[in-house]
Amino acid sequence: MCDYCQYLDLVETNRCRINFCKRCKAFTLTYQSCCAVFTQLELEKFHIALRVLTPSHYQHDFLGKRMAVIKKPEAPIGFCLSQDDTKELASAVAESLTHYDAYCATRRASRFLI
């Protein structure tokens, strides 16, 4: 586990937190009570998966709500999301990727400053 000072907080809402570990080069996504760790490519693919969900994907009935299950192929568990959850999470992931891109651009630019 890395020191907290190694983490860059990208997004934090009431139900979602996404940060990036500068040492491990990994994104940690916590949504409600679920947590997953992604590489940048995996997080980008997860974002695409969230965006392409259609109403037909919400086939699981949980507490009277239609839910979709999204998980990494090798993971035993995943995220069980309603359509509203999916929109909220997709927005948070998009925002975190934008903040990460800005962080990377700032680091690249600072290399040229004396």
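See above for the structure.
Presented here is a report on the structure given in the accompanying data block. (Residues numbered from 1 in each chain as written. Predicted model: local features only at pLDDT ≥ 70, side-chain atom pairs only at ≥ 80, totals over all residues. Heavy atoms only, no water.)

### Remarks on the overall build of the protein
Going by this rule: Starting at the N terminus, helices and strands are each numbered in turn, a helix being any DSSP run of H or I of at least four residues and a strand any DSSP run of E of at least two. Each residue is assigned to one of three classes by its accessible area relative to the maximum for its type, calculated with a 1.4 Å probe on protein chains only: buried under 20%, partly exposed between the two thresholds, exposed over 50%. In short, Shrake-Rupley with a 1.4 Å probe defines the accessible areas, and a residue's cover is counted only from the protein chains shown. When charges are counted, Lys and Arg contribute as positive and Asp and Glu as negative, whereas His and the chain ends are disregarded. By convention, the point assigned to a charge is CZ for Arg, NZ for Lys, CD for Glu and CG for Asp.
Per the secondary structure count, the protein includes 2 helices and 7 strands. The principal-axis extent of the C-alpha atoms belonging to the protein is close to 60 × 25 × 25 Å. Expressed as a percentage of the 114 residues in the protein, the buried residues total 35%. On the protein, roughly 7700 Å² of surface is accessible, and the fraction owed to carbon and sulfur atoms is 57%. The centroid of the 15 positive side-chain charges in the protein is displaced by 5 Å from the centroid of its 12 negative side-chain charges.

### Considering the sheet that holds strand S3 (residues 26-31)
Quick reminder of the rule: Note on pairing: DSSP must find at least two bridges between two strands before they are called paired. Lines fitted to C-alpha atoms define the axes, with helix axes restricted to the stretch in contact, and inter-axis angles between N-to-C directions lie between 0 and 180 degrees. Residues count as neighbours in contact if any of their non-hydrogen atoms are within 4.5 Å of one another.
Read across the open sheet, the 4 strands follow the order S1-S2-S3-S4; overall the sheet is antiparallel. Strands at the two margins of the open sheet, each flanked by one partner only, are strand S1 (7-12) and strand S4 (34-38). Ignoring strand direction, the axes of neighbouring strands in this sheet form an average angle of 20 degrees. For S1 and strand S2 (residues 16-21), the ladder comprises 5 bridges, and the chain directions are antiparallel. The partner of glutamate 12 across the bridge, within S2, is arginine 17. Relative to S4, helix H1 (residues 40-51) is tilted by about 125 degrees, and along the sheet it contacts S3 and S4. Sitting on the sheet, helix H2 (residues 83-110) touches S1, S2 and S3, and the angle it makes with S1 is about 140 degrees.

### Let's talk about the pairing of S4
Where S3 meets S4, 5 bridges bridge the pair, whose relative direction is antiparallel. The residue bridging leucine 29 from the neighbouring strand is alanine 36, located in S4.

### Comments concerning the packing of aromatic side chains
Going by this rule: Stacked, tilted and edge-to-face are the three classes applied to pairs of Phe, Tyr and Trp rings, where Trp contributes its six-membered ring and a pair requires centres within 6.5 Å; stacked means planes under 30 degrees apart, edge-to-face means over 60, and tilted covers the rest.
The final tally for this structure, using the stated rule, is 6 aromatic pairs. Geometrically, the ring pair formed by phenylalanine 20 and phenylalanine 27 is tilted, given 4.9 Å between the ring centres and 50 degrees between the ring planes. Each member of the pair phenylalanine 20 and phenylalanine 27 is classed as buried. Here the aromatic rings of phenylalanine 20 and tyrosine 100 are separated by 4.6 Å at their centres, their planes lie at 55 degrees, and the arrangement is tilted. Of the two residues, phenylalanine 20 sits in strand S2 while tyrosine 100 sits in helix H2, which places them 80 residues apart along the sequence. There is no split in this pair, since phenylalanine 20 and tyrosine 100 are both buried. Through a chain of ring-to-ring contacts, three or more aromatic side chains come together here, namely Phe20, Phe27, Tyr100 and Tyr103.

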